[in-house]
Amino acid sequence: MEVKIGVQHAPREIVMESKQTPDEVESTVAAALEKGSGMLSLTDEHGRKILVPSDRIAYVEIGEATGRKVGFGAI
């Protein structure tokens, strides 16, 4: 599943693939935002940990992963 995190004062968003369900990601984000000065901690599908200060989160977009397109034509 694809997760995009917008960070305040950063020109680009963080994009990661996660093995967690959308509900798990949503509850993790909600818990980090409730703490105020905590950290949002998510793990991608390769085991790398993404840490974002919760007071700097602009938005979180949770969606299904799209398959990689192969070939030259658009379908």
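Here the structure is shown first, and the text comes after it.
Owing to the predicted nature of the structure, the values given are computational and were not obtained by experimental measurement.

(A) Broad picture of the pattern of salt bridges. Within the structure shown, the criterion is met by 1 salt bridge. Put simply, D44 and R48 hold a salt bridge, and the shortest N to O gap is 2.9 Å.

(B) A look at the environment of K35. Relative to the helices and strands, K35 resides in helix α1 (residues 22–35). Each C-alpha atom of the pair K35 and D55 lies 9.4 Å from the other, and the pair is 20 residues apart in sequence.

(C) Layout of unusual backbone geometry. You will see that H9, though not glycine, has its phi angle at about 65 degrees, which is positive. Locating H9 in the fold gives a position in the loop between β1 (2–7) and β2 (14–17). Judged by relative accessible area, H9 falls into the exposed class, the value being 76%.

(D) Molecular detail of α1. With 14 residues, α1 should reach 20 Å at 1.5 Å per residue; the first-to-last C-alpha distance of 20 Å fits that figure. Residues V25, V29 and A32 constitute the buried set of α1. Across the axial projection of α1, the buried residues extend over an arc of 65 degrees, all falling on one side. Every exposed residue of α1 that faces more than 90 degrees away from the buried side is listed here: D23, E34 and K35. Tucked into the core, α1 has its buried residues touching β1, β3 (39–43) and β5 (57–63).

Scoring rules and cut-offs
- Residues numbered from 1 in each chain as written.
- Predicted model: local features only at pLDDT ≥ 70, side-chain atom pairs only at ≥ 80, totals over all residues.
- Heavy atoms only, no water.
- Salt bridge = Lys/Arg side-chain N within 4 Å of Asp/Glu carboxyl O.
- Helix = DSSP H or I, 4+ residues; strand = E, 2+ residues; numbered from the N terminus.
- Buried < 20%, exposed > 50% of the residue type's maximum accessible area, 1.4 Å probe, protein only.
- Expected span 1.5 Å × (residues − 1).
- Arc of directions from axis to C-beta.
- Contact = heavy atoms within 4.5 Å.

Function cannot be inferred from these measures alone, as they are strictly geometric.
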